[in-house]
Amino acid sequence: MSERTDEKPLSPCDLLAAYELGLLDGQERLRFEGHLETCPHCLEEVYAFAPASLLLTAAPGRFAALAAPAKPSVSGRLAAVLAGIFQPRVFAPVAAAAALALLVLIPSAPRWSDLAVVEPLSWSHVQVRAGGDPGGRLFADGMERYTAGRYDDAAEILQQAARAMEDTDRGSLPLQAGTPGQARLYAGVSLLLAGRPQAAKGPLLAAAANPLPPVAQGADWYLAQAYLLTDRPDSAGMVLKGLAESPVYGSRARALLDRLAR
Amino acid sequence: MNLDAQSLDTLCARAQAGDGRAEADLFSALRVRFLQLAKRRVRTDHIEDVVQDALKIVCDRYRERKQGVGILVWSLTVLRNVIGNYYQGRETERRHMDFVAEYPRTAASDEDPLQTALTADSIRLLQAAIRELAERFPRCGRIFHHLLAGLAGGGASQEVSTGTLAAMQKENPGLTRGGFYTALHRCRAHLRAIWDRRQGEPNHV
């Protein structure tokens, strides 16, 4: 598929995505709904994609950062494709500016941040002894700073570690000190503990997509705290609901949801 | 177009405010669309039951719908859940109860479609699809990024689409609103294809 996006003349069907995302004004919406009565194809499309559209409109914040273009190195991209692991997310300056603008625009009236529970995520030193590759060494270094409470340093090093680990073929290493997912999780937690919840969202969102439940659920828990600290209770609630059945975070998530509801 | 006509979301807002006529119009309009979709998927003698079940859930829950979520998309998710349950019921019936000809009633009446959609798996699947979209179609990634960040920031529909159009015009100054909608439509088609592939069932119910 090539990326041609704006040469075709507009047809009623072209309003489909804008309708699903709630971007049409009253008259446009009415016109498109009229079109749906006579276009079974569009109605089928809305039906077929409804769960995804619902998620995108109900929790847009969970997906916005992931849509920001990445700038991975060529070797990193190749390694990621081969290893089936996710890509490094280095946000474009425009995305960072948009995030900053959003942070400034978010009303600060309710103190949702008071509900946030920001405690260090535990880590065993034993697990980091075997760091042989550059990414692993960085990871071990980052985790040493993390356990020493030097969270700003830890966050920076752990994000470097995640990128380095993704650029390395680690399949041949006998023992691995951490994974890119863990590095991003602890980088996000470090940023939260350093009082930078907005910056924490990027690494936590990336870690939340990790296939390993301990990493993904840990990231979801701290992501919910980041949302609370940035006065985004709706987004926090959505994330917490996804954690309600988690064996590790379930009871805490449900308790926090109760407090949010009150 | 009938000048008195109102969009489903407007009808829904009026119905939520207690307007009985708007509520009747809303359910009548949803019923027509539900029937259209159900008749392609469900045995003829079961269509009415499936549509009634779905409408009952919509009726019970639409007032709790999250702000910003369109009523049609939301209610079609309800219909999908009911039809999904119908197929599950049919499968159970086929395996264990061959002698029962009746359509088993769905157990979906207590389900909130948003909660059903918001499982960790479905969020992760869509996150992975969005990430792949941004990687394979960077311009689509940027469009979705601007739109979703705008929606997450609580922007109104016009504000969000105008802001995204302005951002994309920095790359392509000749981009019109129509061209932007066409671009968005194509990006959505890419996302849908990726999402379908990742679900592993391109022609799901």
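Here the structure is a predicted model, which is why all the values come from computation and not from measurement. (Residues numbered from 1 in each chain as written. Chains lettered and ligands numbered in written order. Predicted model: local features only at pLDDT ≥ 70, side-chain atom pairs only at ≥ 80, totals over all residues. Heavy atoms only, no water.)

Trainee: Teacher, can you tell me more about the interface of chain B and chain A here?
Mentor: Taken residue by residue, the interface counts 76 residues in chain B and 77 residues in chain A. Summing both sides of the interface, chain B and chain A together bury roughly 7,200 Å²; the carbon and sulfur share of this comes to 65%. Area buried by chain B at its contact with chain A is led by Arg131, Arg186 and Arg188 of chain B, which between them contribute 10% of it. Summed over the shared surface of chain B and chain A, the result is eight salt bridges. (Contact = heavy atoms within 4.5 Å. Buried area = accessible area lost by both parts, 1.4 Å probe. Salt bridge = Lys/Arg side-chain N within 4 Å of Asp/Glu carboxyl O.)

Trainee: Whenever I open this one, helix 8 (residues 157-169) of chain B confuses me. Can you help?
Mentor: Residues and elements named next belong to chain B. Between its first and last C-alpha atoms helix 8 spans 18 Å; for 13 residues at 1.5 Å apiece the expected length is 18 Å, and the two agree. Residues of helix 8 that are buried: Val160, Ser161, Thr164, Leu165, Ala167 and Met168. In a view along the axis of helix 8, the buried residues occupy a sector of 160°, so they form one face of it. Taken together, the buried residues of helix 8 touch helix 7 (138-152) and helix 9 (177-199). (Helix = DSSP H or I, 4+ residues; strand = E, 2+ residues; numbered from the N terminus. Expected span 1.5 Å × (residues − 1). Buried < 20%, exposed > 50% of the residue type's maximum accessible area, 1.4 Å probe, protein only. Arc of directions from axis to C-beta.)

Trainee: I tried to follow the side chain of arginine 62 of chain A on my own but got confused; where do I start?
Mentor: Residue placement: arginine 62 of chain A occurs in helix 4 (residues 61-67). According to the relative accessible area criterion, arginine 62 of chain A is buried, its value standing at 3%. If near-sequence neighbours (up to four positions away) are discounted, arginine 62 of chain A is found in contact with Leu205, Ala208, Asp220, Leu223, Tyr227 and Val239 of chain A together with Ile123 and Gln127 of chain B.

Trainee: Looking at this model, I keep getting lost on the pattern of salt bridges. Mind explaining?
Mentor: When the charged atoms of two side chains with opposite charge come close together, those side chains can pair. Residue and element names in this part refer to chain B. A complete count under the given rule lists 25 salt bridges over all chains for this structure. Here arginine 136 makes a salt bridge to glutamate 132, at a shortest N to O gap of 2.8 Å. A residue pair is termed a helical-turn pair when its members lie 3 or 4 positions apart in one helix, as arginine 136 and glutamate 132 do in helix 6 (residues 120-136) at four residues. Judged by relative accessible area, arginine 136 falls into the partly exposed class, the value being 37%. With a closest N to O distance of 3.1 Å, arginine 192 and aspartate 196 form a salt bridge. With arginine 192 and aspartate 196 both in helix 9, this residue pair falls four residues apart, about one helical turn. The buried category is assigned to arginine 192, whose relative accessible area is 13%.

Trainee: Please clarify how empty space enclosed by the protein should be interpreted in this entry.
Mentor: Over the atoms rolls a probe the size of a water molecule, and in doing so it shows where empty space is left. Counted under the stated rule, the structure contains three cavities of 30 Å³ or more. There is about 60 Å³ of room inside the largest cavity. Forming the boundary of the largest cavity are Arg62, Ala208, Asp220, Val239, Gly242 and Leu243 of chain A together with Ala120, Ile123, Arg124 and Gln127 of chain B. Listed by contribution, the elements that provide at least two residues to the lining of the largest cavity are helix 12 (233-243) of chain A together with helix 6 of chain B. In terms of residue count, helix 6 of chain B provides more of the lining of the largest cavity than any other element does, four residues in total. Classifying every residue of the lining of the largest cavity gives five nonpolar, two polar and three charged. (1 Å grid on protein atoms, 1.4 Å probe; cavity = no way out; pocket = protein on both sides within 12 Å on 5 of 7 lines; lining within 4 Å. Points joined across faces, edges and corners; volume = space filled by probe spheres on them. Nonpolar A, V, L, I, M, F, W, Y, C, P; charged D, E, K, R; others polar.)

Trainee: Would you mind showing me how to read the confidence of the model for chain A here?
Mentor: Atomic detail in the predicted coordinates should be set aside for any region of low pLDDT. Residue and element names in this part refer to chain A. In the predicted model, chain A carries a mean pLDDT of 75, and 73% of its residues have values of at least 70. A low-confidence stretch, residues 72-96 stays under pLDDT 50, and its non-local contacts, those more than four residues away or across chains, total 50 contacts. Between residues 102-110, whose pLDDT stays under 50, and residues either more than four places distant or in other chains, the model counts 10 contacts. (pLDDT = per-residue confidence, 0-100.)

Trainee: How should the packing of aromatic side chains be read in this particular structure?
Mentor: Between two aromatic rings, the relevant description is the distance of the centres plus the angle of the planes. A complete count under the given rule lists seven aromatic pairs over all chains for this structure. Both rings, one in tyrosine 146 of chain A and one in tyrosine 151 of chain A, keep their centres 5.7 Å apart while their planes meet at 70°; by these two values the pair is edge-to-face. As far as burial versus exposure is concerned, tyrosine 146 of chain A and tyrosine 151 of chain A are alike and both buried. On the basis of an interplanar angle of 35° and a centroid distance of 5.9 Å, the ring pair of phenylalanine 180 of chain B and tyrosine 181 of chain B is categorised as tilted. Residue phenylalanine 180 of chain B is classed as buried on the basis of its relative accessible area of 0%. (Phe/Tyr/Trp six-rings, centres within 6.5 Å; stacked < 30°, edge-to-face > 60°.)

Trainee: Looking at this structure, how should I read the environment of glycine 181 of chain A?
Mentor: Looking at the secondary structure, you find glycine 181 of chain A in helix 9 (residues 180-193). C-alpha separation for the pair glycine 181 of chain A and methionine 165 of chain A, spaced 16 residues apart in sequence, amounts to 9.8 Å.

Trainee: What am I meant to see in the packing of helix 10 (residues 197-208) of chain A against helix 11 (residues 213-229) of chain A here?
Mentor: Packed helices, taken two at a time, are described by the angle their axes make and the gap between the axes. Residue and element names in this part refer to chain A. In contact at an axis separation of 8 Å, helix 10 and helix 11 are set at 155° when each is read in the N-to-C sense. Comparing their axes, helix 11 and helix 10 come out roughly antiparallel. In this structure, helix 10 crosses over helix 11, and the sense of that crossing is left-handed. Residues Pro197, Lys201, Leu204, Leu205, Ala207 and Ala208 of helix 10 pack against Val215, Ala216, Ala219, Asp220, Tyr222, Leu223, Ala226, Tyr227 and Leu229 of helix 11. (Axes fitted to C-alpha atoms, helices over the stretch in contact; angles between N-to-C directions. Parallel < 35°, antiparallel > 145°, perpendicular 65-115°, else oblique. Left-handed = near helix turned anticlockwise from the far one by under 90°.)

Trainee: Looking at this structure, I do not really get the environment of alanine 155 of chain A. What am I missing?
Mentor: Residues and elements named next belong to chain A. Looking at the secondary structure, you find alanine 155 in helix 8 (residues 151-166). Residue classification places alanine 155 among the buried residues on the basis of a relative accessible area of 1%. C-alpha separation for the pair alanine 155 and alanine 200, spaced 45 residues apart in sequence, amounts to 9.0 Å. Aside from chain neighbours lying at most four places away, what touches alanine 155 is Ala187, Ser190 and Leu191.

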